[in-house]
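Here are the chains, one letter per residue:
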Amino acid sequence: MTSTTAFWLAGRQATGETTFDVTSPWDGRTVGTVSVPTDAQIEDAVSAAHAVREDFAATPAHVRAAALDHVSRRLVERTEEIARLISAENGKPVKWARGEVGRAVSVFRFAAEEARRFNGGEAQRLDTDAGGQGRLAFTRRFPKGVVLGIAPFNFPLNLCAHKIAPAIAAGAPIILKPAPATPLSGLILGELLAETELPAGAWSILPVPNDRMPALVQDERLPVISFTGSENVGYAIMDSVPRKHCTLELGGNGAAVVLADFASDEDLDRAAQRIATFSNYQGGQSCISVQRVIADASVYDRLLPRIVAAVEAQVTGDPNDDATDVGPLVSEAAAQRVESWVDEAVAAGAKLLTGGKRDGASYAPTVLTDVPAEATISCEEVFGPVLTVRKVDGEAEAFAAVNDSKYGLQAGVFTHDLGTAFRAHRALEVGGVVIGDVPSYRADQMPYGGAKQSGVGREGVKFAMDDYTYERVMVLTGLAL
């Protein structure tokens with residue numbers, strides 16, 4: 001009999017009147033049963049966060065840093081347990097789940113470091129103009145208010161960490177809503193935060209159903225919204241609250257460019273292996289997974305069979321097995337959607353080189369060529385283990401192909417040429433350019449976010465803290481400078 005997992009209301013455990021089951025996408029078993037907060041409990045959480053906002057902003061840095069350090073240490077101690085939980089509720093192969101726990105460890109550690117040095121203040125002399133003689137400006141950052149963090153299912157621990165840790169580091173209360181499919185990993189963070197001395201109301205973790213979110217999104221006591229998820233939902237949130245500050249981390253259509261100078265057998269073997277791994281890791285359910293390969297004509301014929309072979313070498317199956325590279329998608333409905341997009345592309349003339357088969361929630365790693373530009377899989381984020389390969393003639397055409405997308409999250413460019421690297425950085429309309437590798441690299445302390453319809457704002461601990469705060473200037477008068 002599975003016990004019911006409580007949620008976290010203003011730093012304390014609470015249970016609602018109803019529950020829902022969390023099931024494994026791999027075998028359908030019940031992983032856990034989660035209690036759902038009532039409307040009154042949601043109101044209690046919001047009221048507590050709003051009430052504590054000024055006191056929490058004034059909490060000494062060492063208190064916030066100690067709490068964040070504690071969570072980081074406890075994640076290390078419970079790595080295997082939490083990795084198995086991620087794998088169970090998400091379907092992610094356990095080896096990738098361990099990596100996710102490791103990243104969350106770093107996020108809380110980075111946040112502890114930033115809490116100690118953030119907002120030290122900056123002085124600016126004003127006597128550079130006669131009217132400013134004897135005056136000095138001193139600028140500090142202060143929280144905008146309570147943060148509403150909305151996390152997705154694909155990184156159910158680390159993307160919750162990216163909401164919670166920067167908020168605490170900046171002294172902003174946070175209410176976190178984990179994804180309905182994967183709430184258990186987020187609720188684990190509640191267990192660890194409850195072991196700290198953070199003030200009541202500084203944080204809540206509420207598994208609120210999606211259909212009850214509009215009222216929470218529109219609550220004026222929650223002036224900051226940090227959302228990671230789909231383009232449609234993200235922009236619907238922003239449109240519904242035009243006067244709030246919204247950070248949106250949305251979709252991508254990640255491109256890996258292989259240029260003519262990346263041409264040795266060793267180069268092409270490495271590119272193919274990296275492309276195959278990171279088009280399929282997390283079942284392709286990553287905003288920066290490789291979805292498009294854009295290869296120069298001079299290397300295309302040698303690269304393509306290497307990619308197909310490397311994709312076919314990916315081990316698919318039970319996510320609990322350490323040998324598994326590719327597990328199921330988050331649900332059978334997700335796999336059915338991917339299947340329909342591939343079938344549509346093939347019907348329109350695309351060539352299926354490998355994969356293209358679905359078994360329940362699992363979809364075989366797939367490679368397509370000659371995909372029509374108007375096919376859904378060319379235009380949208382597939383969020384599944386599917387890769388398209390395209391031939392281009394030269395650097396300029398390759399960069400134009402990357403930019404021929406409504407998305408602009410990250411791109412990878414395989415080249416050895418430093419000049420090409422700087423031209424790519426200037427030309428590509430994306431939030432991040434990774435030279436010599438796939439677009440799927442993310443360091444959790446760097447600014448992460450997109451251009452165009454991939455969102456607004458940046459994650460990465462310090463950059464999220466900037467998003468959650470604003471500058472306030474104090475002018476000192478009558479000084480002898």
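Here, the structure is the one placed above.
The numbers attached to residues start from 1 for each chain and follow its sequence in the written order. Local features in a predicted model are, by the rule used here, given only for residues with pLDDT of at least 70; side-chain atom pairs are given and counted only at 80 or more, and totals for whole chains, interfaces and linings are based on all residues. Each side-chain value is derived from all of the structure's non-hydrogen atoms; neither hydrogens nor water enter the calculation.

## Quick look at the overall build of the chain
At step 1: Looking only at helices and strands, the chain features 15 helices and 25 strands.
At step 2: For each residue, the accessible area found with a 1.4 Å probe, counting protein chains only, is set against the maximum for its type, and the residue is called buried under 20%, exposed over 50%, and partly exposed in between. Taking all 481 residues of the chain together, the buried fraction comes to 56%.
At step 3: All accessible areas in this document rest on Shrake-Rupley with a 1.4 Å probe, and a residue is counted as covered only by the protein chains that are shown. Just so you have it, the chain exposes about 19100 Å², and 50% of that area is on carbon and sulfur atoms.
At step 4: When charges are tallied, Lys and Arg are placed among the positive residues and Asp and Glu among the negative ones, while His and the ends of the chain are skipped. Where a charge lies is defined by one atom per residue type, namely NZ (Lys), CZ (Arg), CG (Asp) and CD (Glu). Mean positive and mean negative side-chain charge positions of the chain (45 and 61 charges, respectively) differ by 5 Å. Secondary structure elements follow DSSP: runs of H or I no shorter than four residues count as helices, runs of E no shorter than two count as strands, and numbering proceeds from the N terminus.

## Concerning the pairing of strand 7 (residues 135-143)
The side chains of a regular strand alternate, residue by residue, between the two faces of the sheet.
At step 1: Pairing of strand 6 (residues 122-125) with strand 7 involves four bridges; the strand directions are antiparallel. Bridge pairing in strand 7 places Ala 123 opposite Phe 138.
At step 2: Where strand 7 meets strand 25 (residues 469-477), nine bridges bridge the pair, whose relative direction is antiparallel. For Pro 143, the partnering residue across the bridge sits in strand 25 and is Thr 469. Two strands form a pair only when DSSP identifies at least two bridges running between them.

## Brief notes about the packing of aromatic side chains
At step 1: In this scheme Phe, Tyr and Trp rings, the latter by its six-membered ring, pair at centre separations within 6.5 Å, and the angle between planes marks the pair as stacked below 30 degrees, edge-to-face above 60, and tilted otherwise. One pass over the full model with this rule turns up six aromatic pairs.
At step 2: Seen in terms of ring centroids, Trp 8 and Trp 203 are 5.9 Å apart; in terms of plane orientation they differ by 40°. Their pairing is tilted. One end of the pair, Trp 8, is in strand 2 (residues 7-9); the other, Trp 203, is in strand 10 (residues 203-205), and 195 residues separate them in sequence.
At step 3: Judged by relative accessible area, Trp 8 falls into the buried class, the value being 7%.
At step 4: The buried category is assigned to Trp 203, whose relative accessible area is 2%.
At step 5: With 5.9 Å between their ring centres and 85° between their planes, Phe 153 and Phe 383 make a pair best called edge-to-face. Within this pair, whereas Phe 153 is found in the loop between strand 8 (147-150) and helix 5 (158-170), its partner Phe 383 is found in the loop between helix 12 (376-379) and strand 19 (386-392), the two being separated by 230 residues in sequence.
At step 6: Ring pairs connect the aromatic residues Trp 96, Phe 278 and Tyr 281, which therefore count as one cluster.
At step 7: In this scheme, the term charge over a ring applies when either NZ of a lysine or CZ of an arginine sits within 6 Å of the ring centre and within 35 degrees of the ring normal. The ring of Trp 341 carries Arg 337 above its face, with NZ or CZ at 4.7 Å from the centroid.
At step 8: The ring of Phe 463 carries the charged tip of Lys 462 above its face, separated from the ring centre by 5.4 Å.

## A few points about the packing of helix 3 (residues 79-90) against helix 4 (residues 94-117)
Working note: a packed helix pair is described by the angle between its axes plus the distance between those axes.
At step 1: Interaxial distance between helix 3 and helix 4 falls to 8 Å at its minimum, and their mutual angle equals 125°. Overall, the two elements helix 3 and helix 4 adopt an arrangement that is oblique. As helix 3 packs across helix 4, the resulting crossing turns out to be right-handed. Contact with helix 3, carried on its side by Thr 79, Glu 80, Ile 82, Ala 83, Arg 84, Ile 86 and Ser 87, involves Val 94, Ala 97, Arg 98, Glu 100 and Val 101 of helix 4 and no other residues of that element.
At step 2: Each residue is assigned to one of three groups, with Ala, Val, Leu, Ile, Met, Phe, Trp, Tyr, Cys and Pro labelled nonpolar, Asp, Glu, Lys and Arg labelled charged, and all others, Gly among them, labelled polar. Class assignment for the residues of the contact of helix 3 with helix 4 results in six nonpolar, two polar and four charged. Angles shown run from 0 to 180 degrees and are taken between the N-to-C directions of axes, each axis being a line fitted to C-alpha atoms and, for helices, limited to the stretch in contact. Orientation labels follow simple angle bins: below 35 degrees gives roughly parallel, above 145 gives roughly antiparallel, 65 to 115 gives roughly perpendicular, and whatever is left gives oblique. Throughout, a crossing is termed right-handed when the near helix is turned clockwise from the far one, and left-handed when it is turned anticlockwise from it by less than a right angle. We call two residues contacting when some pair of their heavy atoms lies within 4.5 Å.

## Remarks on the nonpolar core
Where a protein is soluble and globular, its nonpolar side chains tend to be buried together.
At step 1: With 82 residues, the main nonpolar core has Leu 68, Leu 75, Phe 108, Leu 148, Ile 164 and Leu 189 as its most contacted residues.
At step 2: With 11 residues, the single largest contributor to this core is helix 4.
At step 3: Each residue touching Ile 164, except ones within four places of it in the same chain, is listed here: Phe 108, Ile 174, Leu 176, Leu 189, Leu 193 and Ile 205. Within this scheme, the nonpolar core is defined by two criteria: the residues are buried Ala, Val, Leu, Ile, Met, Phe, Trp, Tyr or Cys, and they are joined through side-chain atoms within 4.5 Å.

## A look at the environment of Gln 410
At step 1: Of note, Gln 410 is situated in strand 21 (residues 410-414).
At step 2: The buried category is assigned to Gln 410, whose relative accessible area is 5%.
At step 3: Counting along the chain gives 39 residues from Gln 410 to Val 371, while the straight-line C-alpha distance between them is 21 Å.
At step 4: Among residues more than four places away in sequence, those in contact with Gln 410 are Gly 254, Ala 255, Ile 288, Val 430, Gly 432, Val 434, Pro 439, Tyr 441, Met 446 and Tyr 448.
At step 5: Two N or O atoms count as a polar contact when they lie within 3.5 Å, although within protein this holds only if one can serve as hydrogen donor and the other as acceptor, and sequence-adjacent residues are included solely when both atoms are side-chain atoms. A polar side-chain atom of Gln 410 sits 2.8 Å from the main-chain carbonyl oxygen of Pro 439.

## A closer look at the side chain of Gln 282
At step 1: Mapped onto the secondary structure, Gln 282 falls in the loop between helix 9 (265-280) and strand 14 (292-296).
At step 2: At 2.9 Å, the side chain of Gln 282 and the side chain of Lys 92 are in polar contact.
At step 3: Once residues within four sequence positions are removed from consideration, Gln 282 is found in contact with Lys 92, Trp 96, Asn 154 and Phe 155.

## Regarding the packing of helix 9 against helix 10 (residues 297-312)
At step 1: Between helix 9 and helix 10, whose axes approach to 8 Å, the crossing angle comes to 45°. If you check the angle between helix 9 and helix 10, you find them oblique. Our pair here, helix 9 against helix 10, has a crossing hand that is right-handed. Residues Asp 265, Leu 268, Asp 269, Ala 271, Ala 272, Gln 273, Ile 275, Ala 276 and Asn 280 of helix 9 touch helix 10, and the partners they reach there are Val 299, Arg 302, Leu 303, Arg 306, Ile 307, Ala 310 and Val 311.
At step 2: Its residues assigned to classes, the contact of helix 9 with helix 10 shows 10 nonpolar, two polar and four charged.

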